Each structure stands twice: as C-alpha cells, then as structure tokens.
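Given next are the chains, with one letter for each unit.
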Amino acid sequence: MLSLDFNFVLEMINLVILYLLLRKFLIGPLMNIMEKRRAMIADGLQNASDQQAQAMELKSRYEDALTGAKDESRRMIEQAKADAKKEYDRILEQAGTEADQMMRSARETIDVEREQALRQMKAEVASLAVDAARKVMADSCTARESQAVYDQFLKEAGDLHEDK
Amino acid sequence: MLTNPFVSSNILRKNIEKEGDSTEELTANLLEELNCTPVFEIPVFGGIAVNESIVVTWIIMAALTLLSVIFVRNLKVENPGKVQLALESAVGWAQDFFEGIIGKENRRYVPYLICVSLYIAVSNLIGLTGFKPPTKDLNVTVALAIMSMLLIEYSGIHRNGLKHWMAHFAKPVPFVAPIMVMEIFIRPLSLCMRLFGNMLGGFVVMELVKLVVPLIVPIPLSFYFDIFDGLLQAYVFVFLTALFMNEEME
C-alpha cells in the first residue's frame, strides 16, 4: 500500500513523455490557433482604426478645400462687383462729358444760327425800307396815307435802331 | 519499500481459506484493491517490477494522445467547428486560470500545468471504467509531487537567478532559514500525501459503505467520492503547484 520503489522514476518519465505528447498534439496547436485568431482580431481592429483616422484626415482636408473654394468664390464675386462699379462710373462720367460737349456745341450752333438770322433780317429790313421808299415815291397818295406809311416805316426802322 | 504487500496479502488469503470470515474476506479484497501489484518485470538491472499504475498510466497516455490527434485536426482560424470551439474554450479557460495565478509573463509553464491537471483528473476518474486509478499508488503521487517540486524551484531560479534563490531562504530573518529549506520538501510532501490520501480514503469509505448498504445509498456518495473528489483533487493539486510557483517567483 505505502510502497515506494523504482516505479516513481518510471512515472516521472511517463509524465515528461505525456507532457511532450500533449504539448505537441493538444495544447500547442490549440494555443497556436488561438494566438493566431487573437493576432488576426487585433490586426483587424488596428486596420479599422487606421482607416478611420485616414478617413477623418481626408474629410478635414476636403472641408478645408471647400471653405477655401467658398472664400475664393466670394472674393471673385467681390472683385467682379468692384470691376463692374468702376466700369459703370467710368461710363457714366464719359456720358456726362459727352453730353456736356454736345450741349456746348449745340449752343454754339444755335448762337451762330441766330446771328445769321439777325444778319439776314437786317438785310431784309434794308430792302423793305427801300421798297417802301420806292412805293412812296411812285404812288401819288394822300397825305394821311403817306403819314401812315411813314409811321410804319419809322416804327420798323426805329425798332431796328433801338436794337443796335 | 515501506511494507511488503505480497507477504501481508498472502497471509490474508491463507487466513480466508482457513476461516472463511466475511470481514477477513473484505479486508483481503480491500488490500488486493489497494495494493498495486507488479504486472511484469523489465529484465534489466536485476529486474524492475513495473506496477499496475504505470501500465494504466500508459493506457491513459495513449488514450489522451489518440483523442488529441483525433480531435485536434483541421484547426481553422476562421469559422471553427464545434469540436474546435469546445476544445478552445476549455484550453482557453485553463490558460486564463493559470495565467491569473502565475502571471502572463510566466505563461511558458501553463502547458505543463494543464497537462498535469488533465492527467490527474483522468487518473482519478478512470476507476469508473474498472481500471485501478494510478493516483492510488504512492509512486505516482510521489512522482507528480517531485515534478512539481522541481518545477517550483526551477521557476524561482529561472526568474530571479540562483543568487536570489539562495538568499531568499534567509528572509525575512536568517533565523528562519532551516524552516524555509524544509519548505522545499514539505510542499511536495503535502501535495503528494493530500492526493494519495484522498484517493485512498475515498476508495476505502466507498467500499465500506457498499458493504453496509449495498442499495441506492452508494450512488450519491459515489458521485461525491469518485467524481467530485477526483476532480477537486486534480484542481487542488495544480492550483497549489501554481500558487507555490508564484510564491517562488516573487
């Protein structure tokens, strides 16, 4: 019952052999496969977080680009507005000066024409006077009639004289 | 050798033949069951008697290895089968359990602890199939305890160096050094005797109960002494070994 002999050495050898066998056939492969799976899962998680970080970076870059584009467009619109305003002012100014010029030339033309008309009128008045004088000489008319003619003549001529 | 089983059992047999007493018969049967008789002799060094327990251990080894080879095949990282999942969860549980005691950095000792727990559990339960449990032989438990002792001291030396190992006997005060040195042998002795005593005691109690009440009553007791106690002792043995290793590695 309580016998201790050489068998315990055999049992120790048995244990070592059993350990080697089980490690080779049972525990080793299982632990190996579990370790592989753990590595695979860790890898997958790492991958996922990497890709998420990448996506976030891309997103921020796009957002930057978008805000840049917005700024750019606003700037362009403002530039265009400023350009248009300048052009408008320029055109307005030009129109004003042109109108001024036209007015001035028109006034000059009017002046010239009036002067011409006056001169023409003077000439007509002179010929009228001559006509009247001839009429007075030729017609034998009454004193009263001649008086009236004189008056008329004087009136016309006098007006002319007053102007001068 | 502490006793000579042959002489005592032979005497008992003769006594039974002479008197035919039932108690004597029981004693004889018990002794027959308890004694691990040599099965054959290896004809070297003047003949080495190989005990039954060693032969049963060989059978267990063969069975375990064969089952491992059969079940641990076609392992897949993805979509594992049911058998693989069951094996993985069992081994994973054992791995976590031992790593929880001795720490993740000492995981190299885990396969041995799993192997020993498996062996002790199967040995304790193999009595159900009619084989004589190897753990009922003192040689087997002594071998297990010596292996544990070697492992405990080796892990301490490997972890902290020989110098630290030599010095740790004199802590906390040099006065306790003899007791600390004795601990090297007391630990495996307690491991070995606990396992052996439990198996022997359980067996004897069961035999006595069967003799007194052969009907129904032995069933729940058999569940306790043959199955639960066997698994519990396997657990206790490896648990204490791991605990001592951890203590030694600190």
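- Looking at an unreviewed UniProt entry, chain A carries the name ATP synthase subunit b, with the source organism given as Mordavella massiliensis.
- According to the UniProt record, the Sequence similarities (unreviewed entry) comment for chain A is "Belongs to the ATPase B chain family."

1. Side note on the overall build of chain A
Next, step 1: The helix and strand tally for chain A stands at two helices and zero strands.
Next, step 2: A total of 164 residues make up chain A; the buried ones form 12% of that total.
Next, step 3: If you sum the accessible surface of chain A, you get close to 13400 Å²; carbon and sulfur atoms cover 60% of it.

2. Here's the deal with the interface of chain A and chain B
Next, step 1: Chain A puts 33 residues into the contact, and the matching count from chain B is 50 residues.
Next, step 2: Summing both sides of the interface, chain A and chain B together bury roughly 4000 Å²; the carbon and sulfur share of this comes to 74%.
Next, step 3: Put simply, chain A and chain B have two salt bridges between them.
Next, step 4: Connecting chain A to chain B are six residue pairs in polar contact (both at pLDDT 80 or more).

3. Looking at helix α7 (residues 177-212) of chain B
Next, step 1: Here α7(B) is 36 residues long and its end C-alpha atoms lie 50 Å apart, about the 52 Å a rise of 1.5 Å per residue gives.
Next, step 2: In α7(B), a bend of some 35° at I184(B) exceeds every other bend along the element, and P188(B), a proline, comes one to four places later.

4. Digging into a nonpolar patch on the surface
All names here are of chain B.
Next, step 1: A cluster of nonpolar residues, L66, L67, I70, F71 and V83, forms a patch on the protein surface that exposes about 450 Å² of accessible area.
Next, step 2: Per-element accounting of the nonpolar patch gives the leading share, four residues, to helix α3 (residues 52-71).
Next, step 3: Along the polypeptide, L66 turns up in helix α3.
Next, step 4: On the basis of relative accessible area, L66 is assigned to the exposed category, the value being 54%.

5. Considering helix α1 (residues 7-138) of chain A
Next, step 1: With 132 residues, α1(A) should cover 196 Å at 1.5 Å per step; its first-to-last C-alpha distance of 189 Å lies within 8% of that length.
Next, step 2: If you look at α1(A), its biggest bend is around 55°, right at R23(A).

6. Some words on the packing of aromatic side chains
Next, step 1: Considering all chains together, one arrives at 10 aromatic pairs over all chains under this definition.
Next, step 2: Ring geometry for Y19(A) against Y112(B): centres 5.5 Å apart, planes inclined by 75°, an arrangement best described as edge-to-face. One end of the pair, Y19(A), is in helix α1; the other, Y112(B), is in helix α5 (residues 110-125), on a second chain.
Next, step 3: Classification of Y19(A) by relative accessible area gives buried; the value is 16%.
Next, step 4: On the accessibility criterion, Y112(B) (7% relative accessible area) is buried.
Next, step 5: For the ring pair F97(B) and Y235(B), a centre distance of 5.5 Å and an interplane angle of 35° mean the geometry is tilted. Here F97(B), found in helix α4 (residues 82-102), pairs with Y235(B), found in helix α8 (residues 218-249); they are 138 residues apart in sequence, far enough to count as distant.
Next, step 6: Among the aromatic side chains, those forming a connected cluster through ring pairs are W93(B), F97(B), F98(B), Y235(B) and F239(B).

7. A word on the side chain of T57(B)
Next, step 1: By the element assignment, T57(B) lies in helix α3.
Next, step 2: Classification of T57(B) as buried rests on a relative accessible area of 1%.
Next, step 3: Side-chain polar atoms of T57(B) contact the side chain of E11(A), separated by 3.3 Å.
Next, step 4: A distance of 2.8 Å separates a polar atom in the side chain of T57(B) from a polar atom in the side chain of Y119(B).
Next, step 5: Once residues within four sequence positions are removed from consideration, T57(B) is found in contact with E11(A), N14(A), Y119(B) and P134(B).

Reading guide: rules and limits
Residues numbered from 1 in each chain as written. Chains lettered and ligands numbered in written order. Predicted model: local features only at pLDDT ≥ 70, side-chain atom pairs only at ≥ 80, totals over all residues. Heavy atoms only, no water. UniProt positions renumbered as here; feature names shortened; annotations may be inferred. Helix = DSSP H or I, 4+ residues; strand = E, 2+ residues; numbered from the N terminus. Buried < 20%, exposed > 50% of the residue type's maximum accessible area, 1.4 Å probe, protein only. Areas by Shrake-Rupley, 256 points an atom, 1.4 Å probe, with all protein chains shown as cover. Contact = heavy atoms within 4.5 Å. Buried area = accessible area lost by both parts, 1.4 Å probe. Salt bridge = Lys/Arg side-chain N within 4 Å of Asp/Glu carboxyl O. Polar contact = N/O pair within 3.5 Å; in protein donor to acceptor, adjacent residues only side chain to side chain. Expected span 1.5 Å × (residues − 1). Bend = angle between axes of the 7 residues up to and from the residue. Patch = residues over 30% accessible without salt bridge, like charges linked within 9 Å, V, L, I, M, F, W, Y side chains within 5 Å. Phe/Tyr/Trp six-rings, centres within 6.5 Å; stacked < 30°, edge-to-face > 60°.

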